Every structure is written in C-alpha cells, then in structure tokens.
Amino acid sequence: MMTYTRRQWLQFMMASPAWLGTAASSKAGARVAIARCTSYETDLAAVLAKMFDQLGGLDRLVRGRTATVKLNMTGSPALRLRGLPLGSTHYCHPRVVHALVHLLGRAGAHRVRLVESAYGTAAPLEEYILESGWDLRALRNAAPRVEFENTNARGSYRAYVRLRVPGQAWIFPAYDLNAAYEQTDVFISLAKLKQHATTGVTLSLKNCFGNLPASIYGDDAGEDEPNEQPTKGRVNVCHLGKRQPSRSAPGELDPRSSRDPGYRVPRITAEIVAARPIDLAIIDGIESMAGGEGPWIPNCRPVRPGLLIAGLNPVATDAVAVALMGFDPLADRGSPPFRNCDNTLLLAQQLGVGTADLNQIEVIGGRIEDLRFPFAEGS
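Participant: Explanation requested: the environment of Arg145 in the structure shown.
Facilitator: Mapped onto the secondary structure, Arg145 falls in the loop between α7 (136-140) and β4 (146-150). Separated by 159 residues in sequence, Arg145 and Arg304 place their C-alpha atoms 33 Å apart. At a separation of 3.2 Å, a polar atom in the side chain of Arg145 contacts the side chain of Glu147.

In structure tokens, the structure reads:
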C-alpha cells in the first residue's frame, strides 16, 4: 500500500475535485474577515474570536493539533521609530499575540508554538521576546502548552527539514528550514500591516520570508555547512544573490538570473509560502507605520489604521489588506505599491497558493471602501 506524507496528502487533496469546492481559488475558500479595532486596550480576544467564527470557527482548525504561529518581529529590538513601542510600529503587537494564543488554547490546540527567526542571533526566542519588552510569563500562561523556537538556526532540533517548491520555481527548488515549520499541523502567519522598501508591502506572505534561517541563507552563513551562530541578515544571499546559501542546502536554479532585489525577494517569498503553506493569515493593522517595514527606512511615519484582518488563504487575505491600504492588489510592477518590484501576490497566485482578485474574494465584517486607510505618502 502506498503511504503519503502530510504534504503529499495535502497536495493530492487540493488537486482533487472534492477539495475544489472549498479551495483557495473558490469564493468560499477565499473568505476574509475584517474588523474595525482602534486600540490595543480593546478586548482583542473577543474581536478575533468573532472574526474566526466568521471564517468557520477556530476549533475545527486547531483542536487536538499543534498550531505554529510565525511572529513578525523584524529587525533588532533596539531599533524604534520615534521612540514608540515596537508593537505600535513594525512588530506584531504582544497583546494581539497573547489574545491569539489564548484563543488557540481555548479552541483545544494540543500545543501552541511561537516562532521567529530572531534578527542577528540564534539565542532562545524567549530572550529576544524579553528584549522586546514583551511579557513572557503572560504568553507562557495564555494556553495550556506554549513553546518558543528561534528558527534563525537549527535550534532545538537535530536537523533541518527540506521543503520543496511545488510547480515551477524561479530562484530555489527547495528550502532548508528549522524543523518547527514542518512538525506542525496548523501554520499561522501573524503579520503587520506595512509597506516594504523592497517588495512594496509586507503582509502575511512576506512575513514568511523570515522563515529562512540565517545560518544557511544569511550573509555569514557557512560555505559548506550552516553557521549555527549567525549574526547577520540575508541581503547578500536573498536580495542581491552575491553568494549562494550553504552548500548543505539546494543552490539557485539559475545563478545567471536577475540580481535585482525587486525580482528576487518577491519570488523567494512566493516560493517559501508555496513550500510551507499558511493555514491562517492574521494581519495586525491597529497601529503600524507607513513608508517602509522598519525604522531603518528613511521618512517612515507612525499610522493608526485601526484594522484587524484574517483569512484562511494568505493571498486573498493580503489582497484585501492591500486594498485597505489604498492600493490595487492586482497592480503590476511600476504601479504603487509595487513601483520597483514584482507583485508577490501575483507570483504566489501563479504558484497556485490563492487568488488576489477581489472579485473572487468574499469580504465579511465590513466593506473595504468604508474601512480603507490610504498608506500613500501625504495621505
């Protein structure tokens, strides 16, 4: 008898006629919930619970399962925009994280694992969380079993896992990641509603660019084997293609392809999400920043969109988020917000991850035109 891995079974089911009735390409599967939420002092658990109910219920997704939440904690905790708390600008807010973990536990998740590739370190994620000013004890106690994993290196696992890109990849045929990304039943991307200097926007899809361990894909990654104590980012390997990842991982399909970051990073992002599918996308847009992804980008400014967005398909969820930001999710390169880059949403759509067409997405909880918060400069 032939046996299937979980990933092979998922790919088989998505290709079968029975699955197509609720697949991401259908209107039912492309349902996105949006909610007006103007303060982190709000009962966030109640707001999120209502959104999850609108999406079909959290318990059916996570009961008895391991739920892994990819946080968005980009850049060093020491870098702040105008001295504001990290969660008010470029990190997902700890109150949103706490509310989500609580709801996952209440819905019966067997285990909740918080993951992030902490910038410049392979130290335990708990240390990075404490540096960021988060209440670690509260997070630990938000659900019956909460774990933490810094995925910037191999971490607590014996080996990396190799996740292959289904379909025709552009940059890498497969990615070697911390095993936490495979040893889970439900993968959740908890992102921030932001623009991005390289990819135009950074939402639930781009959040997963941070899945990559700097031990393999970082500027100081080992040539032959991973550097398990990385201290740098991924610019030379991923953005610029000036060097290859560690030889322990698959190299580029075509080292002669474009070295333009606006070509490479959107494609790498789309490939990562195709290889490690997102089961639930959540975007924190209560408070954020406009003009870039972090305070290291010139001329950024704090903004208060007052929004939470969630969906079971990341492309559809990001498409609604892009529209709420005042942009066209189907825009090609050269048009805002993708002036100097290819559109990650369209690339992910090309790989079969989901649809970016608002006409194929059911928006619930409010109308985009009523909740839109333009991010364009001068708005």
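Participant: What is the right way to look at the pairing of strand β13 (residues 307-311) in this model?
Facilitator: For a regular strand, the rule is simple: side chains alternate between the two faces of the sheet. Burial runs high along β13: five of the five residues are buried. With burial as the criterion, each face of β13 is covered, one bearing Leu307, Ile309 and Gly311 and the other bearing Leu308 and Ala310. Direction of pairing for strand β1 (residues 31-36) relative to β13: antiparallel, over a ladder of five bridges. Considered in β13, the bridge of Ile34 is made with Ile309.

Participant: Quick question: what am I supposed to make of helix α12 (residues 314-324) here?
Facilitator: What sets the pattern is the α-helix's 3.6 residues per turn: residues three or four places apart point alike. In terms of residue burial, α12 counts as a mostly covered element, since 11 of its 11 residues are buried. Among the residues of α12, those classed as buried are Pro314, Val315, Ala316, Thr317, Asp318, Ala319, Val320, Ala321, Val322, Ala323 and Leu324. A side-chain oxygen of the first residue of α12 lies 3.1 Å from the backbone nitrogen of Val315; this N-cap is Asn313. Gly326 sits one or two residues past α12 and shows a positive phi near 95°.

Participant: How should I be thinking about the packing of aromatic side chains in this particular structure?
Facilitator: The description of an aromatic ring pair uses the distance of the two centres, along with the angle that the planes make with each other. A full pass over the atoms with the stated rule returns five aromatic pairs. Ring centres 6.1 Å apart and planes at 75° place the aromatic pair Phe172 and Tyr217 in the edge-to-face group. Separated by 45 residues along the polypeptide, Phe172 in the loop between β5 (161-164) and β6 (174-177) and Tyr217 in helix α9 (residues 214-217) bring together distant segments of the chain. Tyr217 shares its class with Phe172; the two are buried. Their ring planes at 75° and their centres at 5.7 Å tell us that Phe373 and Phe375 sit as a pair that is edge-to-face. An aromatic cluster of three or more residues is present, and its members are Phe172, Tyr175 and Tyr217. Here the basic side chain of Arg267 rests over the ring of Trp170, its NZ or CZ set 5.6 Å away from the ring centre.

Participant: What is the right way to read the sheet that holds β13 from this model?
Facilitator: Reading across from one edge, β4-β3-β2-β7-β10-β13-β1-β14 is the order of the eight strands in this open sheet, with mixed pairing throughout. Of all the strands in the sheet, just β4 and β14 (362-364) have a single pairing partner and so form its edges. Strand-to-strand twist in this sheet, taken as the mean axis angle between neighbours without regard to direction, amounts to 20°. In terms of strand pairing, strand β2 (residues 66-70) meets strand β3 (residues 111-116) through five bridges, oriented parallel. From the neighbouring strand, Val69 faces β3, where its bridge partner is Leu114. Packing against the sheet, helix α3 (residues 44-54) makes contact with β1, β10 (280-285), β13 and β14, and its axis sits at approximately 35° to β13. Lying over the sheet, helix α5 (residues 94-106) contacts β2, β3, β4, β7 (186-192) and β10, oriented at roughly 160° with respect to β7.

What counts as what
- Residues numbered from 1 in each chain as written.
- Predicted model: local features only at pLDDT ≥ 70, side-chain atom pairs only at ≥ 80, totals over all residues.
- Heavy atoms only, no water.
- Helix = DSSP H or I, 4+ residues; strand = E, 2+ residues; numbered from the N terminus.
- Polar contact = N/O pair within 3.5 Å; in protein donor to acceptor, adjacent residues only side chain to side chain.
- Buried < 20%, exposed > 50% of the residue type's maximum accessible area, 1.4 Å probe, protein only.
- Pairing = 2+ DSSP bridges.
- Phe/Tyr/Trp six-rings, centres within 6.5 Å; stacked < 30°, edge-to-face > 60°.
- Lys NZ or Arg CZ within 6 Å of the ring centre and 35° of its normal.
- Axes fitted to C-alpha atoms, helices over the stretch in contact; angles between N-to-C directions.
- Contact = heavy atoms within 4.5 Å.

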